[in-house]
Every structure is written in structure tokens, then in C-alpha cells.
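# Descriptive structure summary
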Protein chains: 2
Amino acid sequence: MPQSQTEISTLGEFGLIDRLTEGLEISNSATAVGIGDDAAVLKYSEGSEVLVTTDMLLENVHFDLTYVPLKHLGYKAVVVNLSDIYAMNGTPRQITVSLGISQRFTVEHIQELYAGMRIACQEYGVDIVGGDTCASHQGLVISITAIGEAPAGKAVRRNGAKDTDLVCVSGDLGAAYMGLQLLEREKVASKGMKDFVPDFAGKEYLVERQLKPEARRDIVRLLAQNGILPTSMIDVSDGLSSEIMHICKQSGTGCRIYEDRIPIDYQTAVMAEELNMNLVTAALNGGEDYELLFTVPLTDHDKVNAIEGIKVIGYITKPELGCALVTRDGAEIPLKAQGWNPLAADKAQEQ
Amino acid sequence: MPQSQTEISTLGEFGLIDRLTEGLEISNSATAVGIGDDAAVLKYSEGSEVLVTTDMLLENVHFDLTYVPLKHLGYKAVVVNLSDIYAMNGTPRQITVSLGISQRFTVEHIQELYAGMRIACQEYGVDIVGGDTCASHQGLVISITAIGEAPAGKAVRRNGAKDTDLVCVSGDLGAAYMGLQLLEREKVASKGMKDFVPDFAGKEYLVERQLKPEARRDIVRLLAQNGILPTSMIDVSDGLSSEIMHICKQSGTGCRIYEDRIPIDYQTAVMAEELNMNLVTAALNGGEDYELLFTVPLTDHDKVNAIEGIKVIGYITKPELGCALVTRDGAEIPLKAQGWNPLAADKAQEQ
């Protein structure tokens, strides 16, 4: 172990927590009591609703530390939770962070991870208010719970889409998935080589989308500023196809998504060609985009069209029409929620 | 795999979640939206504060499935979180449940675990409002976050103890630890033996305290009914010694705890003698009792004394006097927070 590295056992649980939370300040007036008690104390006003969401990330299932820097991992672990709060049309206020840590990690490693979390919290105005830290026999375990609020009656669920509503998505899709393919390719290429320098030239966007995604707070604000309240909303974590089917299933509707309307970045397209992969499949099923997918009434068409970074990609139909992709040549292909099934045996093995 | 067992991969993540949450009803009016969206939606009134706490449990660190039935594990995993909400003088309302599941678990296994969680939730009037389910390569991972509320200004923290306050504890201490010793002993005795029947005769209480602890909702209610608002409170999860030192450190005080006042069950004492262990050490450092440890002003002496199941075990002092145990012969021994250090290397290895 290098000299600058400290074994966690020398600090113990409470020492480690003290080290990690040193100088941690509370930025939300809704946070009355943060870390250091049996529970955090939060204050929400009469006119708001409290939102809660949680995500678990396991080493070698959700992340591979051979190419994911710990600081980026911390940042991403927070952002994916905040994304769920934004997807409710809410504002995240607090998170709790539980960590399972195996013995190969030092205090400095965990500080690096935590530094990424703190940067994300600062960026999004969120307080770390609690957590749990324990020994793990099997790599790193990260479990984050995010708490937020929405004005009473303004939380947007998945079940409010109506026939003729427009289907909209922010940003572009498939880039994070292509970033993952690229990182995996370079990992294979680096095997057994010393001082290997991965080649990401011209593909920086893909790597960033995979390693340091952002939650679309800006879109939630733009919608509010433009007087748009979506009828349904979800964040794209498992792929567009899987997410739109969640909305349609819970809303009791069908949908039509136009292939040629799906926003795809140039770098995503180049990478798909290089890897000889179907670009639309990647955009439909890739996952980890953390863009917002939502529906608005047809009457909001001009309003959403005027917002940069939002694209209308289809519309909601009666349920009997099912969910389908309309291809460039006008054919209709049923959508499949083949997204990411982390519990399928073959998936678990290949990861 | 027996015929009655279903591989999780046949259901997939969403199928498993559907199976687990089938018929799950919302019992709290504070729960507006439960499972099935990006986040749960909770409603709290102007006059209350929201409490949040979280715990992570890892297989072979926090539990050993060779002697912990999955249903009990689920029950306990919920209860230890609720205990933290009660320790704030609050009422738990919701939990989220994240599970990391390795391939040796079947759908039926996870249903068994979840059944225990649901029983605990019913027992304590709590709603399961969200979670995450994913594949794990290394055994079972359970991360639970509990959310609750306390009337505005009534949340009791660890930092309010004052010189001359009385130190009180509910129930009895050390039994859960002795239950663990017993279970470990029978595990060793059973090695290589078929149809081994463990011998728990006369020690049922110890086993129950370890496998199926309860959170002290009744004590929180009794305190309120008797007009007692503790100046500080914590639940005993790491051992009395460690917990009273948390209170004293955060309150800036010292304390005196009387050895002969520490409540210990008869079965605990018998087991300690059998194992040739120091009984007071077990009660001070055993952990997992989930009793409530709290301080009240001296003027509440008669009120707390009148409540069955609460014992005054010492008093708070000025900080310069430090934290000490007063033995039966009047000697003062400094308290040590040797509690459970899950991050100490030797601990991690021995578990």
C-alpha cells in the first residue's frame, strides 16, 4: 500500500464517517438536522409533497472500477437518484448514502468516491443527511436514497398520458450506451499491456455521457417557465423503449414513436457504425441516458417545440393500437421492453 | 432446484417486483403514491417534521443465513430502521427496500424475505413505497431507508442531555448478543452433522432477541402519555457503552452509569455463565438490543420511575468528569466505546 494510503481499520466506522463528512454544510432550509443522529430531520411546507427514491449500485454489476474513476462513480451514483426526483417534476433536497466497503479500499479511495458525491450535491443544491457505512466482503456497494419535493399537485407520475398527447424527450439518446461499448473495447485492448493509453479521440462526448451523466434539472425548470405541466414523465435509465412502455402500461394507452425523430448525437452514430451495431436499437434500448421522457397535451405543441433541447418524437394512442416504432419507410414495428434486465441469468453472467 | 422453486431470471426484475408487491396496500394517509413510479410521493402536514434514516445489511457481515431464516431477516431488517425513527421520538410511516440478489436465491426465497418485511410493516403501520432490485454477484444485500414524522419541535436528538439529567433505558440489555453466541455455538456443533437439532431449551428469549427484535414504539407512546419529552435519545444498536458515549459527546457532557442498575434478563445471565463471559461486558458492549436509551430532567424522576419497562441507570455529569461505570463496590471505570466496529480488519475477518 502506498504511503499516502490509510487503511480504513485505523479510523474505524465513526472515524471514517467523520473524515468523509468533514466540513459538510447544509444548503437547504428544508434540512433541519443532517448527519449525526439516528435520523435526519427535514421540514417541508404545507403546500408541498415529499418525494423519495432509491438506487443500489454494486461493483461489477453496475460499474467496473477498471475504467470508472471513483470520483466519477460518486458523482454518477448521486445524479442517477436526482434524475428520478426530476422525473417526478420535483426538486431534490437531500440524499442518504450507504456504503459497503471491502478491505482493498483505503480511506483515500472512499474519500475520492465521497468527493464526487459532494460535488454532485453542490452542483444540484442537495444535502447529504445520513447514511450507513459497513464492511463488505465483496467489493463496493453503494445505496443512495434521494428525497425531494414538488408543489402540492404538481408531482408528475407515469400514469397520466392521454390519447393524442405528444411524446417528448430531452437531449439525445444512445450515447451513454455507446460510451460503455467504447470503454469495454479499450478495456479488452488494454489487457496485459503496461501503460496502455485508451483512444477516446473524437468520442469524448460518449465517454462523458457514460462516466459523468447529468440530471435534467434544466428541463424541469424550462417546462415550468413555459407553463407546461407534463401529463406523464419518466427518466430514461433503461432505454427509451422500456420507458415509453412503462408510461403506456401505467396510463392504459398505446403510442407511436417515429424512428427519424429520435435524437441521436453524431458521435453516437459514428461509434455505432464502427462497431457495426444498429443505431436505432442502441438509441431505443441503450439505457443510462438520464434524459427526461414525457407527454404533453397536443395543445402544448407550439410551446414544447419552442424549447431548445426538447424534441417531439411521437404521440400517444388508444391502448388497442399498442406501442410501435414507425420506421423511416412508414412500417410499424412493435416496441419491446428488452431494456436492461439485470436479473436475467445471461445478463448477470456477461457483466 | 426443487420443483416449487422458481429461478428469478424467469420473471425478470419487473416481474419479481410485481410478485413481491402483489396486494400491497397503503395504510398511511401520508403516503400519496407508493411503489411504481420514479419516486414515492409523501404528504406531511405543516406541523410535523420529516425523519429519514437508512441501514445496509450484507450477507456474512450482518447476517448468516445458515441460522437466520429469511422471513426473520426481513422482519429484523425493517425493525432496525424503524427503531432509529422511534429513537428520534418519531413515528415511522414509510420504507424503501433495495435488494441485491445473487443467483442462488429463487423467487420463493425473496418472497420469504419480503413476507417478513411486510409483516413488520403491518405490525408497525408502515408502507413500503419504493426500492430497487438488482443482481448481486456475492450474496444478499439489503438496504432499507425509513421515513417518519414527529410533531414540529418534538424530534429528540442526541445532543440535548444536560448535567444532572437522568439516564434511562428500556427493557433489558445483552440478550441479543447472547442469542448470537448461542446460535454461533450451535452452528459449530452442527458442522458435518445431518439432521442436527439445535438445543435452545430455556434460552428461547435470547434466540428471539437476536432473530426477531422489536422496535420500542410502546416506550415512545408511554413517554408521550406521561408528558415526558426526553432531552436526548438513541437506540441501542452498538451496545450501551457506545451509545451513551454518543449522547455525551454530542451533548458535551459526562455520565455515570451504575453497574447494578443495568437491566439484564435471567437467561442472559445464565448464558454468560455457561460461556464463561463477563456479564456486564456483554450488556455494555453487546449490541443489537434495539432498546431506547434516553435522558430526562431530574424533575421527571417520579414520572419515569412509574413507567414499567423503563429503568434509571445513571445520570449525566459535567464534561470534565468523563464517562464512567460505577461498579458494585463503588469503583469508577472509564467507559469505552468498544462496541461493534464493522470496519476493523480483525472483525471483518472473524465474521
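Residues numbered from 1 in each chain as written. Chains lettered and ligands numbered in written order. Predicted model: local features only at pLDDT ≥ 70, side-chain atom pairs only at ≥ 80, totals over all residues. Heavy atoms only, no water.

### Remarks on the overall build of chain A
Formally: The helix and strand labels rest on DSSP assignments: H or I over at least four residues marks a helix, E over at least two residues marks a strand, and numbering proceeds from the N terminus. As a reference, a globule follows 2.2 Å times the number of residues to the power 0.38, and the radius of gyration itself is taken over C-alpha atoms. Accessible area is worked out with a 1.4 Å probe on protein chains only. A residue is then buried under 20% of its type maximum, exposed over 50%, and partly exposed in between. By the convention used here, residues are in contact when the closest approach between their heavy atoms is within 4.5 Å. Here the open area of atoms and residues is found with the Shrake-Rupley method and a 1.4 Å probe, where only the protein chains shown may cover a residue.
When its secondary structure is counted, chain A shows eleven helices and 13 strands. A globule of 351 residues ought to have a C-alpha radius of gyration of about 20 Å, and chain A, at 21 Å, matches this closely. Taken along its principal axes, the extent of the C-alpha atoms in chain A is 65 × 60 × 35 Å. Across the 351 residues of chain A, 56% fall into the buried class. Contacts spanning at least 24 positions in sequence make up 86% of the contacts within chain A whose residues lie at least 6 apart. As presented, chain A carries roughly 14200 Å² of accessible surface, and 49% of it is formed by carbon and sulfur atoms.

### Side note on the packing of aromatic side chains
A ring pair, where both rings are aromatic, is described by two values, the distance of the centres and the angle of the planes. Residues and elements named next belong to chain A. Using the following cut-off: Here is the rule: rings of Phe, Tyr and Trp (six-membered ring for Trp) pair when centre to centre is within 6.5 Å. Planes less than 30 degrees apart are stacked, more than 60 are edge-to-face, and the remainder are tilted.
Summed over all chains, the structure comprises four aromatic pairs over all chains. Ring geometry for tyrosine 86 versus tyrosine 124: centroids 6.1 Å apart, planes at 50°, classification tilted. Residue tyrosine 86 is found in helix α2 (residues 70-86), and its partner tyrosine 124 is found in helix α3 (residues 107-124); the two are separated by 38 residues along the sequence. On the basis of relative accessible area, tyrosine 124 is assigned to the buried category, the value being 6%.

### Here we look at the relation of the copies chain A and chain B
Put simply, the rule reads: In this comparison the copies share one frame, found by least squares on the C-alpha atoms of residues holding pLDDT of at least 70 in both.
For the pair chain A and chain B, the best superposition has an RMSD of 0.0 Å and corresponds to a rotation of 180° with a translation of 0.0 Å parallel to the axis. Seen this way, the second copy is the image of the first under a two-fold rotation axis. Rotation axis and chain A: the residue whose C-alpha lies nearest the axis is Glu46(A), separated from it by 2.3 Å.

### So, the side chain of Asn89(A)
All names here are of chain A. The condition is simple: As used in this structure description, the phrase polar contact means that two N or O atoms lie within 3.5 Å; if the pair is within protein, one of them must be able to donate a hydrogen and the other to accept it, and residues adjacent in sequence are counted only when both atoms belong to side chains.
Of note, asparagine 89 is situated in the loop between α2 and β4 (91-101). Only 3.0 Å separates the side chain of asparagine 89 from the backbone oxygen of lysine 154, close enough to count as a polar contact. Residue contacts for asparagine 89: discarding those within four places in its chain leaves Ala150, Lys154, Val156, Val220, Leu229 and Met233.

### Examining the packing of helix α1 (residues 12-21) of chain A against α3(A)
All names here are of chain A. To keep things clear, this is the line we draw: Interaxial angles span 0 to 180 degrees and are taken between N-to-C directions of axes, which are lines fitted to C-alpha atoms, for helices over the stretch in contact. For classification purposes, an angle smaller than 35 degrees is called roughly parallel, one larger than 145 roughly antiparallel, one from 65 to 115 roughly perpendicular, and anything else oblique. Definitions for this section: a left-handed crossing has its near helix turned counterclockwise from the far helix by less than a right angle. A right-handed crossing has that turn clockwise.
Close contact between α1 and α3 brings their axes to 9 Å; oriented N to C, the two are set at 40°. Between α1 and α3, the interaxial angle falls into the category oblique. Every pair of crossing elements has a handedness; the one defined by α1 and α3 is right-handed. Of the residues in α3, those in contact with Leu16, Arg19, Leu20 and Thr21 of α1 are Val107, Ile110, Gln111, Tyr114 and Arg118.

### Quick notes on the interface of chain A and chain B
Frequently, the measure chosen for interface size is the accessible area that the parts lose on association. Counted only if it meets this: Computed with a 1.4 Å rolling probe, the buried area is the accessible surface lost when two parts are put together, summed over both parts. Salt bridge, as used here: a side-chain nitrogen of Lys or Arg that lies within 4 Å of a carboxyl oxygen of Asp or Glu. Under the scheme applied, nonpolar residues are Ala, Val, Leu, Ile, Met, Phe, Trp, Tyr, Cys and Pro; charged residues are Asp, Glu, Lys and Arg; polar residues are all the others, including Gly. Criterion used throughout: strands pair if DSSP finds at least two bridges between them.
If you look at the interface, chain A gives 74 residues, while chain B gives 74 residues. Overall, the association of chain A and chain B removes approximately 6000 Å² of surface from exposure, summing both partners, and the carbon and sulfur fraction of that is 57%. In this structure, the connection of chain A to chain B is made through six salt bridges. A salt bridge links Arg158(A) to Asp38(B); the shortest N-O distance between them is 3.2 Å. For the side of chain A that touches chain B, the leading source of residues is strand β3 (residues 48-58) of chain A, giving nine residues. Looking at the side of chain A that touches chain B, its residues break down into 33 nonpolar, 25 polar and 16 charged. When strand β2 (residues 40-42) of chain A meets strand β3 (residues 48-58) of chain B, the two strands line up antiparallel, connected through three bridges. Note that in β3(B) the partner of Ala40(A) across the bridge is Val52(B).

### Side note on the pairing of strand β5 (residues 127-135) of chain A
Residue and element names in this part refer to chain A. Test applied: For the handedness criterion, the strands are oriented away from the viewer, and a crossover whose path from the first strand over the helix to the second runs clockwise is classed as right-handed.
In terms of residue burial, β5 counts as a mostly covered element, since eight of its nine residues are buried. Note that β4 and β5 share eight bridges and pair parallel. Each bridged residue has a counterpart across the sheet, and for leucine 99 the counterpart in β5 is threonine 133. Note on the crossover from β4 through α3 to β5: the handedness is right-handed.

### Section: the packing of helix α4 (residues 175-190) of chain B against helix α5 (residues 204-211) of chain B
Residue and element names in this part refer to chain B. Put simply, α4 and α5 touch, their axes get as near as 7 Å, and they point 100° apart. Taken together, the axes of α4 and α5 lie roughly perpendicular to each other. Taking contact as the criterion, the partners of Ala175, Ala176, Tyr177, Met178, Gly179, Leu180, Leu182 and Leu183 in α4 are, on α5, Tyr205, Leu206, Val207, Arg209, Gln210 and Leu211. The residue inventory of the contact of α4 with α5, partitioned by class, reads eleven nonpolar, two polar and one charged.

### Let's talk about the pattern of salt bridges
One pass over the structure, following the stated rule, counts 36 salt bridges over all chains. Here the residues in one salt-bridge network are Asp37(A), Asp38(A), Arg157(B) and Arg158(B), joined through shared partners.

### Focus on the side chain of Lys203(B)
As for its placement among the helices and strands, Lys203(B) is situated in the loop between α4 and α5. Those residues in contact with Lys203(B) that sit more than four places away from it in its chain are Leu182(B), Gln267(B), Met271(B) and Glu274(B).

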